[in-house]
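Letter by letter, the chains look like this.
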Amino acid sequence: MRDIGHWIDGKLVAGTSGRSADVFNPATGEVQARVALASKAELDAAIASAARAQVAWGATNPQKRARVMMALVGLLNRDMDKLAEMLSSEHGKTFPDAKGDIQRGLEVIEFCIGAPQMLKGEFTDSAGPGIDMYSMRQPLGVVAGITPFNFPAMIPLWKMGPALASGNAMILKPSERDPSVPMMIAELCKEAGLPDGILQVVNGDKEAVDGILDSEIVQAVGFVGSTPIAQYIYERAAQTGKRAQCFGGAKNHMIIMPDADMDQAADALVGAGYGAAGERCMAISVAVPVGEGTAEALRERLVPKIEALKVGPWTAGNDVDFGPVVTAAAKANILRLVETGVAQGADLVVDGRDFKLQGYEDGFFVGAHLFDHVTTDMDIYKTEIFGPVLSMVRAKTYDEALQMAIDHEYGNGTAIFTRDGDTARDFANRINIGMVGVNVPIPVPLAYHTFGGWKKSGFGDLNQHGPDGFRFYTRTKTVTARWPSGIRTGGEFNFKAMD
Ligand code: NAD
């Protein structure tokens, strides 16, 4: 059995807490590794060591730090296949999808090569007589990233890129369900020239997370995961005065107008609803066709496409559309929610409940499901299912569809499919959701824009990556400097405006 410890001070170390968690191969249901769960004492030692290392790293010029990012990009590209194989084997997503996971993280590291530009600060010459004013962006010190299972490469890279390039040391606490890829990335950081102690990967569960939250040394925590934990982390981090950005769950609506290209909309829904077995925070889980005619046309196209989806292990390569879900508990939860949909009167048009894959009977596979005639009071509408289950809620008008998305407690992503620019523009302006697609089902912003949801999908200020990533992991200091000409003759007692 492979044992996964921690990455501390530039080395792999074994856990000493005596606690561990099983890491599964979701395709077979077998335990393939054991990951150590850190004690508070192990975490505190990692933080103390990071704080010592950070002093020199914070004083290293930004261009040298950017060169580490540049080297890391090359190494991630070099090891792409190796990383993707490990990622698929622990997460279950298909091999091409695993490469996409790494690629979207790598692009943020590419953006972070621009750290010197992002950290330049501002300068006002002659703000007053003999007075200059300038602001600088300084690292916070030791910061933390706490990440979910569903993007085990992308989200750790989103956190560590701006944090490290800004001169911080980071404690990364990845998901205990698929911890190997973050450990491999840490080794690549060392190979890229990152000094020891600047990235500490501490594997663990609630004990490690609470240790991070209560630490007086850790200055900021970037979290991604489910909403109840996001809210918990946001509140507890505030008790020690930490900066916190905590991204949570989602229920993303796609509105289909009568004038949309129905074939395009159906293809988009199938990819966005069932890709990665629905285990994406930007997955579309609610389709809202406007008008009965639209609903019928969409349903007619969707059903055969969904029935034709191929479900299987990542080792089947490009022949598979989506793989298993991450754990037996996740599978049970999805099937439980499907039962509530049936019990509450939704029309289960595509029923994946009895899905079985020969040779993989113990894997955590869930077949594709489609519900029609879902109403907004049903559990399958209100709850994030995080599985291959799409719900169709029919709306009579555009305003009803818009209001439905506005009223939902989550606000991560949304999309509208239409040929009408005016409707699309109105939707983008009025919707209270952080990321909006127009004829684009999964509008994940590129690395140089920022990523973040509204409402219960995001707590705290500033988004992930892009310029906000640098703002979050730095603080501004503003210096007002006067170099008077001539000798001063007396004190000034009034609060000065610049004259
Ligand atoms: P999760 O909340 O179970 O776990 C996330 C992290 O929190 C993990 O590192 C885990 O170890 C830790 N954690 C779990 N329970 C904890 C507890 N009680 N106390 C302290 N720490 C705890 O989430 P997950 O199942 O790994 O990921 C799926 C969720 O993440 C979904 O809800 C999905 O929508 C969300 N997600 C959101 C985004 C986004 O950007 N908004 C992106 C990806 C995933």
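Residues numbered from 1 in each chain as written. Predicted model: local features only at pLDDT ≥ 70, side-chain atom pairs only at ≥ 80, totals over all residues. Heavy atoms only, no water.

Here's the deal with the overall build of the protein
Summing up its helical and strand segments, the protein has 16 helices and 23 strands in all. Its C-alpha atoms give the protein a radius of gyration of 25 Å, near enough to 23 Å, the size a compact globule of 499 residues would have. A principal-axis box enclosing the C-alpha atoms of the protein has dimensions of 85 × 60 × 40 Å. The buried share of the protein, taken over its 499 residues, is 55%. Considering only contacts within the protein whose residues lie at least 6 apart along the sequence, 73% involve residues at least 24 apart. As presented, the protein carries roughly 20,400 Å² of accessible surface, and 52% of it is formed by carbon and sulfur atoms. Here the protein contributes 48 positively and 60 negatively charged side chains, and the mean placements of these two sets differ by 7 Å. (Helix = DSSP H or I, 4+ residues; strand = E, 2+ residues; numbered from the N terminus. Rg over C-alpha atoms; globule rule 2.2 N^0.38 Å. Buried < 20%, exposed > 50% of the residue type's maximum accessible area, 1.4 Å probe, protein only. Contact = heavy atoms within 4.5 Å. Areas by Shrake-Rupley, 256 points an atom, 1.4 Å probe, with all protein chains shown as cover. Lys, Arg positive; Asp, Glu negative; His and termini not counted. Charge placed at Lys NZ, Arg CZ, Asp CG, Glu CD.)

Side note on the sheet that holds strand β4 (residues 20–25)
On the basis of which strands lie adjacent, the open sheet formed by three strands has the order β1-β5-β4 and mixed pairing. Sheet topology places β1 (2–4) and β4 at the edges, where each strand pairs with a single neighbour. Mean inter-strand twist for the sheet, computed between neighbouring axes without regard to direction, equals 35 degrees. Examined bridge by bridge, β1 and strand β5 (residues 30–36) share three bridges and lie parallel to one another. Bridge pairing in β5 links I4 to V35. Against the sheet, helix α3 (residues 80–91) contacts β1, β4 and β5, and its axis sits at roughly 105 degrees relative to β4. (Pairing = 2+ DSSP bridges. Axes fitted to C-alpha atoms, helices over the stretch in contact; angles between N-to-C directions.)

Quick look at the site of the ligand
Near the ligand lie 27 residues; those nearest to it are T147, K173, E176, S226 and E384. Protein contacts shield 89% of the accessible area of the ligand, which totals 850 Å² for the unbound molecule. Grouping the amino acids of the shell around the ligand by side-chain chemistry returns 13 nonpolar, nine polar and five charged. Counting the residues that make up the shell around the ligand, at least three belong to each of domain 1 (2–248 + 457–481) and domain 2 (252–438). (Near = heavy atom within 4 Å. Nonpolar A, V, L, I, M, F, W, Y, C, P; charged D, E, K, R; others polar. Domains from an automatic or database assignment.)

Some points on the pattern of salt bridges
Tallied over the full model, the rule gives 31 salt bridges. A salt bridge links D44 to K40; its shortest N-O distance comes to 2.8 Å. Residue D44 and its partner K40 are located together in helix α1 (residues 40–59), separated by four residues, close to a single helical turn. Judged by its relative accessible area of 31%, D44 is partly exposed. By relative accessible area, K40 is classed as partly exposed at 38%. Through salt bridges with shared partners, a single network forms among E292, E296, R299, D347, D372 and R394. (Salt bridge = Lys/Arg side-chain N within 4 Å of Asp/Glu carboxyl O.)

What to know about helix α11 (residues 292–307)
The end-to-end C-alpha separation of α11 is 22 Å, in line with the 22 Å expected for 16 residues at 1.5 Å each. Along α11, the residues classified as buried are T294, A295, A297, L298, L302, V303 and I306. Next to the buried residues of α11 lie β13 (252–256), α10 (262–274), β14 (284–289), β15 (347–350), β16 (369–372) and β17 (389–392). (Expected span 1.5 Å × (residues − 1).)

Things to note about the domain arrangement of the protein
Size of an interface, as often reported, equals the accessible area lost when the parts are brought together. Here the domain parsing of the protein yields domain 1 (2–248 + 457–481) and domain 2 (252–438). Distance from the C-alpha centre of domain 1 to the C-alpha centre of domain 2: 31 Å. Facing the 22 residues of domain 1 at the interface are 24 residues of domain 2. Of the roughly 1,900 Å² buried between domain 1 and domain 2 on both sides combined, carbon and sulfur atoms contribute 65%. (Buried area = accessible area lost by both parts, 1.4 Å probe.)

Focus on the nonpolar core
Core analysis: the biggest nonpolar cluster contains 92 residues, and L76, M160, L164, I171, I185 and L199 have the highest contact counts within it. Built from parts of two domains, this core gets at least three residues from each of domain 1 (2–248 + 457–481) and domain 2 (252–438). Look past the residues within four positions of I185 in its chain and what remains in contact with it is L76, L83, A153, L157 and M160. A266, L348, F371 and A395 belong to the second-largest nonpolar core, a separate cluster that totals 67 residues. (Core = buried A, V, L, I, M, F, W, Y, C linked by side-chain atoms within 4.5 Å.)

Re the sheet that holds β13
One open sheet holds the seven strands; their spatial order is β15-β16-β17-β14-β13-β19-β20, and the pairing between them is mixed. Either end of the sheet is taken by a strand with one partner, and the two such strands are β15 and β20 (435–438). Within this sheet the neighbouring strands show an average axis-to-axis angle of 20 degrees, counted without direction. Pairing geometry for β13 and strand β19 (residues 413–417), over four bridges, is parallel. Each bridged residue has a counterpart across the sheet, and for H253 the counterpart in β19 is T414. Against the sheet, helix α14 (residues 398–407) engages β13, β14 and β19, with an angle of about 170 degrees to β13.

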